[in-house]
Amino acid sequence: MVQLCYFSSLREALGTGDGQVELPGEINDLAGLTSWRQSRNDTWRQALADTRLHVAINHQIVNTNVPVNNGDEITWFPPVTGG
Amino acid sequence: MVQLCYFSSLREALGTGDGQVELPGEINDLAGLTSWRQSRNDTWRQALADTRLHVAINHQIVNTNVPVNNGDEITWFPPVTGG
Amino acid sequence: MIRVQTADFDPGLELEQLRIQTDGQSGAVVSFTGLVRDLNDGHEIRQMTLEHYPGMTEKALRAIEQKAQARWSLAGTIIIHRVGPLQPNDRIVFVAAASTHRKDAFRACEFMIDTLKTDAPFWKKEATSAGTRWLSATEPDQPGQAD
Amino acid sequence: MIRVQTADFDPGLELEQLRIQTDGQSGAVVSFTGLVRDLNDGHEIRQMTLEHYPGMTEKALRAIEQKAQARWSLAGTIIIHRVGPLQPNDRIVFVAAASTHRKDAFRACEFMIDTLKTDAPFWKKEATSAGTRWLSATEPDQPGQAD
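Residues numbered from 1 in each chain as written. Chains lettered and ligands numbered in written order. Predicted model: local features only at pLDDT ≥ 70, side-chain atom pairs only at ≥ 80, totals over all residues. Heavy atoms only, no water.

S.K.: Which residues make up the overall build of chain A, and what values do they have?
M.R.: Check the secondary structure of chain A and you find three helices and five strands. Helices and strands in chain A line up, N terminus first, as β-α-β-α-α-β-β-β. Against the 2.2 N^0.38 benchmark of 12 Å for 83 residues, chain A shows a C-alpha radius of gyration of 12 Å, consistent with a compact globule. Considered along the principal axes of its C-alpha atoms, chain A spans approximately 40 × 30 × 20 Å. When each of the 83 residues of chain A is scored for burial, the buried share is 45%. (Helix = DSSP H or I, 4+ residues; strand = E, 2+ residues; numbered from the N terminus. Rg over C-alpha atoms; globule rule 2.2 N^0.38 Å. Buried < 20%, exposed > 50% of the residue type's maximum accessible area, 1.4 Å probe, protein only.)

S.K.: Tell me about the interface of chain D and chain C, residues and numbers included.
M.R.: Accessible area lost upon the coming together of the parts serves often as the stated size of an interface. On the chain C side, the residues contacting the 40 residues of chain D number 39 residues. In total, chain D and chain C occlude about 3400 Å² of area from one another, counting both sides; carbon and sulfur atoms represent 47% of this. Per-residue buried area on chain D facing chain C is highest for D:R19, D:N89 and D:R102; these three make up 19% of the total on that side. Note that D:E110 and C:K103 form a salt bridge whose closest N and O atoms lie 3.1 Å from each other. Our count for the chain D to chain C interface comes out at 21 residue pairs in polar contact (both at pLDDT 80 or more). Contributing elements (two or more residues each) for the side of chain D that touches chain C: helix 1 (11–22), strand 2 (28–35) and helix 3 (102–119) of chain D. For the side of chain D that touches chain C, a count of residues per class yields 13 nonpolar, twelve polar and 15 charged. (Contact = heavy atoms within 4.5 Å. Buried area = accessible area lost by both parts, 1.4 Å probe. Salt bridge = Lys/Arg side-chain N within 4 Å of Asp/Glu carboxyl O. Polar contact = N/O pair within 3.5 Å; in protein donor to acceptor, adjacent residues only side chain to side chain. Nonpolar A, V, L, I, M, F, W, Y, C, P; charged D, E, K, R; others polar.)

S.K.: Give a detailed account of helix 3 (residues 102–119) of chain C, specifying residues and quantitative values.
M.R.: Over its 18 residues, helix 3 of chain C extends 25 Å from the first C-alpha to the last, a length consistent with the 26 Å expected when each residue adds 1.5 Å. The buried count for helix 3 of chain C comes to 13 of 18 residues, which makes it a mostly enclosed element. (Expected span 1.5 Å × (residues − 1).)

S.K.: Go over the sheet that holds strand 1 (residues 2–6) of chain B, please, and point to the residues and values.
M.R.: Strand pairing in a sheet is mediated by backbone hydrogen bonds. Such pairs are either parallel or antiparallel. All names here are of chain B. On the basis of which strands lie adjacent, the open sheet formed by five strands has the order 2-1-5-3-4 and mixed pairing. Only two strands of the sheet have a single neighbouring strand rather than two, namely strand 2 (19–21) and strand 4 (60–62). Looking at each pair of strands side by side, their axes are set apart by 30° on average, direction ignored. The sheet contact formed by strand 3 (residues 54–57) and strand 5 (residues 73–77) spans four bridges and is antiparallel. Note on strand 5: the bridge partner recorded for V55 is W76. Of the strands in this sheet, strand 1, strand 2, strand 3, strand 4 and strand 5 are in contact with helix 2 (residues 30–38), which crosses strand 5 at around 65°. (Pairing = 2+ DSSP bridges. Axes fitted to C-alpha atoms, helices over the stretch in contact; angles between N-to-C directions.)

S.K.: Any chance you could break down the interface of chain A and chain C for me, citing the residues and the numbers?
M.R.: Residue-level contacts link 18 residues of chain A with 27 residues of chain C. It is A:H59, A:T81 and A:G83 in chain A that bury the most area against chain C; as a group they hold 39% of the surface buried on that side. Where C:K125 meets A:E12, a salt bridge forms, and the shortest distance between an N and an O atom there is 2.4 Å. Taken together, the connections running from chain A to chain C amount to 15 residue pairs in polar contact (both at pLDDT 80 or more). If one sorts the elements of the side of chain A that touches chain C by residue count, helix 1 (residues 8–14) of chain A sits on top with four residues. For the side of chain A that touches chain C, the residue count by class is seven nonpolar, eight polar and three charged.

S.K.: Could you give an account of the pairing of strand 7 (residues 91–99) of chain D, naming the residues involved and the relevant values?
M.R.: All names here are of chain D. Counting buried positions over the nine residues of strand 7 gives nine, a clear majority of the element. In this structure, strand 2 lies alongside strand 7, joined through eight bridges in antiparallel fashion. Its bridge partner lying in strand 7, L35 is registered against R91.

S.K.: If you had to explain the packing of aromatic side chains to someone new, which residues and values would you point to?
M.R.: Under the counting rule described, the total for this entry stands at 18 aromatic pairs over all chains. Consider the rings of B:F7 and D:Y53, whose centres lie 4.7 Å apart with planes at 40°: the pair is tilted. Residue B:F7 is located in the loop between strand 1 and helix 1 (8–14), and its partner D:Y53 is located in the loop between strand 4 (43–52) and helix 2 (56–71); the two belong to separate chains. Neither B:F7 nor D:Y53 differs from the other in exposure class; each is buried. Here the aromatic cluster, defined as three or more aromatic residues joined through ring pairs, consists of A:F7, A:F77, C:Y53 and C:W123. D:R91 extends its terminal NZ or CZ atom over the ring of D:F9, reaching a point 6.0 Å from the ring centre. (Phe/Tyr/Trp six-rings, centres within 6.5 Å; stacked < 30°, edge-to-face > 60°. Lys NZ or Arg CZ within 6 Å of the ring centre and 35° of its normal.)

S.K.: Lay out the relation of the copies chain D and chain C in plain terms, naming residues and giving numbers.
M.R.: Each copy of the sequence occupies a distinct position, and chain D is placed on chain C by a rotation of 180° and an axial shift of 0.0 Å, giving an RMSD of 0.0 Å. Considering both components of the superposition, the chain copies are consistent with a two-fold axis. Residue D:G12, judged by its C-alpha, is the member of chain D lying nearest the rotation axis, at 1.7 Å. Residue by residue, 98% of the interface of chain D is reproduced at the interface of chain C, so both copies engage with the same surface. (Least-squares fit on C-alpha atoms with pLDDT ≥ 70 in both.)

Below, the structure is given as structure tokens:
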């Protein structure tokens, strides 16, 4: 199981979240995971294709394709606008 | 009449203030005024010879010899140390 | 000290805590307070909603504080950021640094708010007479925020 | 707004006045608070006495405020300086600037306290275990003050 989260305008664009999901056996890295979520439908395909999105795994921003493991929390979000 | 004031360590060095004084007729500029006060005694001569002192006439710092007139407030003080 | 909260904060109370905590060792305390502005492109802002990423946001704020403390000689630091719905002129964010020398306190305070704005996962959603939208980080002058 | 006073001031109250006064137009408020430090060259400071030049000091502070307002776009500014006897950790001085953009508020606040320290007629007298003395402006690290 992994925890998948989406924030801000991305979450609204997707219309729904994800939460706890069971990783298919063949998915073991971020690129695979992203493609798998994009395969849900056109909305997801388009929204997750935005190159401005950040990805954090277990609260650490990742900028390359990295392995994903059971128990990970993987989060996609647009550039931050706080402060 | 002019108002003469001294602040901070300078006032303490002089031991006393000055307040309202009648200007002698021959004194019409800052240099003359300063010499006149210095002529009081050695303490005054020495204290007012300190080149780090600032002089303000009517709350304006002056850096050259300027006329002094009846009604002026002339003040000597060391470099400021507030804040 | 970092905090993420929906409740308002009291800058005076926070500054007083910092003063008591640094008890005579600090001569300088610099603070930044960010407020919700009331206008964006001529549209009146009715509400500003702040979202964050619980867990990661707190880590990001702690990291910012630690970077500042590593870079300058600081007796104390504070970062407070509000989340949830806010109105124009409400306080959003408070950052403060105490130091022996005022240059350190100014540099550290400015560094912390600058870094917060690029590194801490907060997102702003603005409701105006023209509708509701998420703010974009690419706008040079981000509306409704203290840039 | 400038004030010279013997009484303590409340930074929270001052910041709140500035916030209310700028009502939604300012996104950024930066403040500097100067505190009496407790040590100078290893000597414990017992008391710090601030003297000023009534009339000229107020003019100097107003001039500093006006210079800042001419140089940056500011919605409001505050300078408060205490005089008379103070104890270690007491507040001496408070400077604040409100602006739409935080860079303006930071620059203006720092400019005002920097200029105050060179241009405003205040003098500090320090009482330590080693005796009593007037501080000298030529000391690179003026004790008991937020340099």
